[in-house]
Amino acid sequence: MVAGELVQEHLRADTGAPDDITVGRKTLELEGAAADPSYEAVPSYEAICNQQEQEQEREKEVQPDEKEAMLPSGGSGEEAEEKEGKMLETRLYLRRFAVLFVFSLYSSVNAFQWIQYSIITNVFMQYYGVSSDKVDWLSIVYMVAYVPLIFPATWLLDRKGLRLTALLGAGLNCAGAWLKCASVSPELFGVTVTAQVICSVAQVFILGLPSRVASVWFGPREVSTACATAVLGNQLGTAIGFLLPPVLVPTTDDVELTGHNISIMFYGTAAVSTVLFILAVIVIRDHPPLPPSHAQAVLPDCPPEDYSYKQSIVNLAKNKAFVLLLISYGIMTGSFYSVSTLLNQMILACYENQELNAGRIGLTLVVAGMVGSILCGFWLDHTKAYKITTLIVYILSFLGMVVFTFTLDLNNIYLVFFTAGVLGFFMTGYLPLGFEFGVEVTYPESEGTSSGLLNAFAQIFGIIFTLIQGKMTTHNGPLSGNLFLCAWIFLGILLTALIKSELKRHNVNMEANGNPLLTLPTECPEDCPLEQKTNGVKLEPSVSFSRETSL
């Protein structure tokens, strides 16, 4: 009997049930089993607890911590421990504001050079002796150059970093501005076209950077606002492009005076571009010494050896949510490009001799959009409600376009100011929403790649819409062209409603704060290797996930 109880006690000790062990010892003492020599071999309760603690410690040493599993190294070995200590340490630097400020300014100069021709189309037609179609192409060339060059530009951003890409954008922008100064002569239209082509190439290295600058330099509670501010810089340049050219180069029959006025505009632009290029060389860096957020901390400082730009593009193409966003973003932004390019012609078709007011209406459209961009950025930083915000802004943009279309020819120029402001508030305010939403649904793919593809589709739709609406406006009036855009924007609403919202980057930041509702889902097929899903960045998804957060 005593031997049987000893066997039972050993079995209970193996199962780690201390309460059963205590009861067993009491039974043995009552029956006098303490006198049996074999009882001395039974481990004590304290020894069993110590043994369990040792086993748990060994398990912790063998199994990586959840945070370590999030690291690209997979959390194995001493290198992973050192990397974890370094990468998971985050810090915000004051330099981030200087980087954002300089980038926003030279982006605004590039946008100014895009729109400075089309807003005074009639002046350049008279000065160079060309048709309106050729002047329109000075703006369309920005869109045409972007599409084929975006792939090498995003590859360069991924491989060489933010600094080189930013300096290329600022440098080419400066070179194009100075070449325009040499084109101030009625027979040198080809030179001004060449200069505009150089500026359009510079744009390729500028438009895809807002989300990259925001992600690399700013914390999770300010990243959307930073992205909106970077986009705002481009919008500011467009606004100045609507305002200044009609003032600096007014309509006149004196060709020499027109050439002098154009020279003032071109030389002023070149001087500002030079100063901003020098500031970009001094201020802009690839990234801060320490990452600003945990979403950046778990990514490698440079692309891993097995990184494939082609695989990154494939991953994005398989991401259904991103593909829907590509098309809907292209429709909205392409519509904005078309309206901006043809605004002068639409206003003059309904209101004669109103070139100056055409520029002011364009200014109203963009300034209202700047306000919308900042407000949308603040809203996203505090709510992270990406899809619902994007959908609402899209619907309101559609309504704004409809109102603008049917009030344009009511012979009330002040009403046009108001409707253009409403349209710009929502249509231009959508731009940073699309950027940030794209980064969220494609994380951990490069921000530059996702933003570049979004801009590429925007340029493609912009080219198509501008050419078609321009022909319709010339032959049938502004109403038919605007209705054409309204139909496409309505289609964009339907596509936006179909987007499946998965906030991948936000979830990684939430995990760092101890939030249990996390995931890092992928759009790769189930049989696809994990390394291909994240393109060499090993990230461990958790069981549950958060799709969208709101107030």
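As the structure is a computational prediction, the values presented were derived from the model and not from experiment. (Residues numbered from 1 in each chain as written. Predicted model: local features only at pLDDT ≥ 70, side-chain atom pairs only at ≥ 80, totals over all residues. Heavy atoms only, no water.)

### A short note on the overall build of the chain
In step 1: For the chain, the count of helices and strands is 24 helices and zero strands.
In step 2: Counting only carbon and sulfur atoms, one obtains 63% of the accessible surface of the chain, whose full area is about 23,500 Å². (Helix = DSSP H or I, 4+ residues; strand = E, 2+ residues; numbered from the N terminus. Areas by Shrake-Rupley, 256 points an atom, 1.4 Å probe, with all protein chains shown as cover.)

### Details of the nonpolar core
In step 1: Counting residues in hydrophobic clusters, the biggest one holds 121 residues, and the most contacted among them are Y106, F124, L209, I347, I361, M401 and F404.
In step 2: No other element matches the 14 residues that helix α16 (residues 320–350) contributes to this core.
In step 3: In contact with F404, other than residues within four places in its own chain, are L343, V416, T419, A420, L423 and N482. (Core = buried A, V, L, I, M, F, W, Y, C linked by side-chain atoms within 4.5 Å. Buried < 20%, exposed > 50% of the residue type's maximum accessible area, 1.4 Å probe, protein only. Contact = heavy atoms within 4.5 Å.)

### Some details on helix α9 (residues 162–181)
In step 1: Over its 20 residues, α9 runs 29 Å from end to end, which matches the ideal 28 Å to within 8%, given 1.5 Å per residue.
In step 2: Taken together, the buried positions of α9 are occupied by L162, T165, A166, L167, G169, A170, N173, C174, G176, A177, K180 and C181.
In step 3: In the core, the buried residues of α9 are packed alongside α6 (95–115), α8 (132–160), α10 (189–204), α11 (210–217) and α13 (255–283). (Expected span 1.5 Å × (residues − 1).)

### Looking at the pattern of salt bridges
In step 1: With the rule as written, the count across this model stands at two salt bridges.
In step 2: Of the charged contacts, one joins E222 and R96 as a salt bridge, the two residues approaching to 3.0 Å between their closest N and O atoms. A residue pair is termed long-range when its members are at least 10 positions apart, and E222 in the loop between α11 and α12 (223–248) and R96 in helix α6 qualify at 126 residues.
In step 3: Taking the relative accessible area as the measure of exposure, R96 reaches 8% and is therefore buried.
In step 4: We note a salt bridge from D158 to R212, for which the minimum N-O separation is 3.8 Å. Here the residue D158 occupies a position in helix α8, and R212 occupies one in helix α11, the gap between them amounting to 54 residues. For the pair formed by D158 and R212, the shared burial category is buried. (Salt bridge = Lys/Arg side-chain N within 4 Å of Asp/Glu carboxyl O.)

### What to know about a nonpolar patch on the surface
In step 1: On the surface, I240, L243, L244, V247, L248, I264 and L356 cluster together into a nonpolar patch covering about 500 Å² of accessible area.
In step 2: Looking at which element gives the most residues to the nonpolar patch, the answer is α12, with five residues.
In step 3: Take L243: its relative accessible area is 33%, and that puts it in the partly exposed class. (Patch = residues over 30% accessible without salt bridge, like charges linked within 9 Å, V, L, I, M, F, W, Y side chains within 5 Å.)

### Regarding unusual backbone geometry
In step 1: Residue N411 is not a glycine yet carries a positive backbone phi of 60°.
In step 2: Relative to the helices and strands, N411 is located in the loop between α18 (386–407) and α19 (413–427).

### Quick word on α12
In step 1: Look at α12: 37 Å from first C-alpha to last across 26 residues, which is about the 38 Å you get at 1.5 Å a residue.
In step 2: The sharpest bend along α12 comes to roughly 25°, located at G241, with the proline P245 sitting one to four residues further on.
In step 3: Extensive coverage of α12 is indicated by the burial of 19 of its 26 residues. (Bend = angle between axes of the 7 residues up to and from the residue.)

### Brief notes about the packing of aromatic side chains
In step 1: Taken as a whole and judged by the stated rule, the model has 18 aromatic pairs.
In step 2: Taken together, a centroid distance of 4.9 Å and an interplanar angle of 85° make the contact between F425 and F426 edge-to-face.
In step 3: Taken together through their ring pairs, the aromatic side chains of Y117, F124, Y127, Y128, F189 and F266 make up a single cluster. (Phe/Tyr/Trp six-rings, centres within 6.5 Å; stacked < 30°, edge-to-face > 60°.)

### Brief notes about the confidence of the model for the chain
In step 1: Here the chain averages 77 in pLDDT, while 73% of its residues score no lower than 70.
In step 2: Per-residue pLDDT stays below 50 along residues 59–87; that stretch engages in 38 contacts with residues further than four places along the chain or on separate chains.
In step 3: Of the regions scoring below 50 in pLDDT, residues 516–527 engages in 36 contacts with residues more than four places distant in sequence or in other chains. (pLDDT = per-residue confidence, 0-100.)

### Focus: the environment of P444
In step 1: Tracing the backbone shows P444 in the loop between α20 (430–442) and α21 (447–476).
In step 2: Spatially, the C-alpha atoms of P444 and V298 are 9.4 Å apart, while their sequence positions differ by 146 residues.

### Structural notes on the packing of α16 against helix α22 (residues 478–497)
In step 1: Between α16 and α22, the least distance of the axes is 10 Å, while the angle of their chain directions is 165°. When the axes of α16 and α22 are compared, the pair comes out roughly antiparallel. In this structure, α16 meets α22 at a crossing whose hand is left-handed. On α22, the residues that touch L324, I327, S328, I331, M332, S335, S338, V339, M346, A349 and C350 of α16 are P478, N482, L485, W488, I489, L491, G492, L495 and T496.
In step 2: Classifying every residue of the contact of α16 with α22 by side-chain character gives 14 nonpolar, six polar and no charged. (Axes fitted to C-alpha atoms, helices over the stretch in contact; angles between N-to-C directions. Parallel < 35°, antiparallel > 145°, perpendicular 65-115°, else oblique. Left-handed = near helix turned anticlockwise from the far one by under 90°. Nonpolar A, V, L, I, M, F, W, Y, C, P; charged D, E, K, R; others polar.)

### Some points on the environment of A202
In step 1: Within the secondary structure, A202 sits in helix α10.
In step 2: Take A202: its relative accessible area is 0%, and that puts it in the buried class.
In step 3: A C-alpha to C-alpha distance of 7.7 Å links A202 and G171, two positions 31 residues apart in sequence.
In step 4: Once residues lying within four places of it in the same chain are set aside, the contact partners of A202 are N110, G169, L172 and N173.

### Overview of the environment of F425
In step 1: Tracing the sequence through the fold places F425 in helix α19.
In step 2: What makes F425 partly exposed here is its relative accessible area of 27%.
In step 3: On a C-alpha basis, the gap between F425 and G372 in space is 4.9 Å, while along the polypeptide they are 53 residues apart.

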